[in-house]
Amino acid sequence: MHEQAYNAQCRAEEKRHPAQAPKQRDALILFALALGTFAIGSGEFGSNGIVQLFAADLDASVPTATNAITAYALGVVIGSPALTIAAARLNRRTLLLGLVGLFIVGNLLSAAASDLGVLVVARFITGTVQGAFFGAGAVVAAYAYGPGKGGKAFATVMAGLTIATIFGAPVGTFIGQQVGWQALYLVVSMVGLLAGAAIWVFVPRTSALAGGSIMQELGALRRPMVWATMAIAALGISSIFAVYTFIGPYITDAVAVDEAWIPVALAVFGVGMALGNWVGGHLADRYEYRGLILGYAVVLVFLTIIAVGGENLGVLLPCLLGVGASTMMAIPTIQVLLTRYAPEASTLMGAMNLASLNLANAIGAIGGALVLSAGWGALSTAWAGLALTAAGLLLFSATVLRVAPPQPLAATAPAAA
């Protein structure tokens with residue numbers, strides 16, 4: 001999901017850190033970073049698959065239990081820009097190790113939570129790690145591959161997140177179903193520990209990974225179109241989470257099949273997300289707006305089908321793939337827009353893009369919880385997602401399309417990797 005958010009940042013870091021890691025070290029550095037993003041993604045997306053489990057164990061309704069999902073997303077929204085600013089001068093190797101430590105603590109606290117309030121706090125703490133880890137990882141990835149290959153390097157690292165949506169989250173959900181929801185967070189903590197050890201061993205101590213001031217980039221936050229684009233992302237992408245967060249109730253309540261189908265549905269959704277990100281990258285290379293317009297429009301169709309006919313498993317599974325693919329198709333275009341509106345602030349724009357995507361996580365989960373609480377049925381969360389994405393598309397039409405007409409990407413921004 002987040003690969004495209006950091007392509008521009010990688011290019012900026014190539015200029016700041018032209019030194020390159022020894023060739024034999026490249027793969028090991030990228031493996032360490034990918035292992036970290038795999039752990040982060042497995043914990044983030046795996047939580048959606050066990051929401052029913054910790055809701056029952058902590059004596060909370062499913063809509064109330066989604067506060068833990070929302071807390072993680074808000075942790076990213078707040079922590080991503082804040083930690084990027086606070087840790088600007090830290091060596092990126094040191095920062096990564098510190099973030100892994102905080103990630104492990106947050107997940108251990110999650111596993112030990114005896115009530116929903118503690119779990120909410122623990123997930124918020126864990127969420128603050130994500131944006132800063134991806135940002136620091138972009139620096140290290142650019143260093144590993146050297147000048148001219150920063151986007152390719154971080155795309156390789158982000159394979160860890162893609163694998164997490166397809167493999168990590170479904171397997172983590174299955175483990176939680178078999179031995180208790182706490183097991184997911186314990187396993188994710190162990191993977192985080194392995195990632196920290198790999199970073200310690202494989203990422204070198206070097207001044208080439210030194211931090212730097214980002215005060216110059218803060219001026220970009222004064223530009224209204226930056227905030228408008230973030231709002232378009234937060235509203236439009238929220239439909240992913242209005243569906244993904246409630247896949248468990250879709251399977252057990254709406255379709256009325258065994259919970260063993262939940263990991264399968266999560267994996268199908270993950271495959272859709274991976275396909276959508278790939279297609280969206282190609283569209284963003286050629287057309288400035290087409291990926292967003294097409295993605296948002298198509299997801300409205302899939303959401304309608306889910307809301308109307310999703311009680312049939314043969315209908316639901318293809319539509320889950322379609323929702324993941326079509327919504328993710330828009331994300332590369334969103335980063336292109338942010339880079340165009342603030343070309344001198346690519347590092348901060350990467351962090352703010354990730355913050356807006358996780359705000360979408362919170363908005364989608366809240367919207368779904370509201371319609372569930374109103375008693376409209378499990379599949380009603382698709383209507384909530386439809387309303388949110390439609391609002392994002394309308395905002396896009398009222399702001400971005402009025403600023404400048406669509407034109408080829410090459411005329412305005414560097415191509416996404």
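Residues numbered from 1 in each chain as written. Predicted model: local features only at pLDDT ≥ 70, side-chain atom pairs only at ≥ 80, totals over all residues. Heavy atoms only, no water.

Peer 1: Now, about unusual backbone geometry: what can you tell me, with residues and values included?
Peer 2: Apart from glycine, the bulk of residues carry a negative phi angle, and the bulk of peptide bonds sit in the trans form. The backbone phi angle of Asp59 is positive, close to 60°, even though this residue is not glycine. Looking at the element boundaries, Asp59 is found in the loop between helix H3 (51-57) and helix H4 (62-65). The exposure class assigned to Asp59 is exposed, which follows from its relative accessible area of 74%. Notably, Ala256 is not glycine yet its phi reads approximately 60°, a positive angle. As for its placement among the helices and strands, Ala256 is situated in the loop between helix H13 (247-254) and helix H14 (261-286). (Helix = DSSP H or I, 4+ residues; strand = E, 2+ residues; numbered from the N terminus. Buried < 20%, exposed > 50% of the residue type's maximum accessible area, 1.4 Å probe, protein only.)

Peer 1: Which residues make up the nonpolar core, and what are the values?
Peer 2: Counting 110 residues, the largest nonpolar core has Phe54, Ile237, Tyr250 and Leu320 as its most contacted members. At 13 residues, helix H7 (residues 116-145) tops the list of elements feeding residues into this core. (Core = buried A, V, L, I, M, F, W, Y, C linked by side-chain atoms within 4.5 Å.)

Peer 1: Break down the confidence of the model for the protein for me, citing the residues and quoting the values.
Peer 2: Averaged over all residues, the pLDDT of the protein equals 81, while 83% of them reach at least 70. Here helix H1 (residues 7-16) stands out as the least confident element of the protein, with mean pLDDT 50; helix H10 (residues 182-202) is the most confident, with 95. Every residue in residues 16-21 is under pLDDT 50, and counting partners more than four places away or in other chains gives 18 contacts. Between residues 405-417, whose pLDDT stays under 50, and residues either more than four places distant or in other chains, the model counts 33 contacts. (pLDDT = per-residue confidence, 0-100. Contact = heavy atoms within 4.5 Å.)

Peer 1: So what's going on with H10? Which residues, and what values?
Peer 2: When the terminal C-alpha atoms of H10 are compared, their 30 Å separation across 21 residues agrees well with the 30 Å that a helix rising 1.5 Å per residue should span. Listed as buried for H10 are Ala183, Leu184, Tyr185, Val188, Ser189, Val191, Gly192, Ala195, Gly196, Ala198 and Ile199. (Expected span 1.5 Å × (residues − 1).)

Peer 1: Lay out the side chain of Asn48 with the relevant residues and their values.
Peer 2: Tracing the chain through its elements places Asn48 in helix H2 (residues 23-49). The exposure class assigned to Asn48 is buried, which follows from its relative accessible area of 1%. Among residues more than four places away in sequence, those in contact with Asn48 are Ile69, Tyr244 and Thr245.

Peer 1: Account for the packing of helix H11 (residues 224-236) against helix H19 (residues 381-398), with residues named and values stated.
Peer 2: Contact geometry of H11 with H19 gives a least axis separation of 7 Å together with a crossing angle of 155°. The angle between H11 and H19 places the two elements in the roughly antiparallel class. Viewed along their axes, H11 and H19 form a crossing whose handedness is left-handed. Residue-level contacts link Ala228, Ala231, Ile232, Leu235 and Gly236 of H11 to Leu388, Thr389, Ala391, Gly392, Leu395 and Phe396 of H19. (Axes fitted to C-alpha atoms, helices over the stretch in contact; angles between N-to-C directions. Parallel < 35°, antiparallel > 145°, perpendicular 65-115°, else oblique. Left-handed = near helix turned anticlockwise from the far one by under 90°.)

Peer 1: A description of the environment of Gly49 should follow, citing residues and the corresponding values.
Peer 2: Relative to the elements of secondary structure, Gly49 occurs in helix H2. Note on Gly49: relative accessible area 7%, which makes it buried. C-alpha of Gly49 to C-alpha of Gly176: the two residues are 127 residues apart in sequence and 8.8 Å apart in space. Those residues in contact with Gly49, other than ones at most four positions away along the chain, are Thr173, Ile262 and Leu266.

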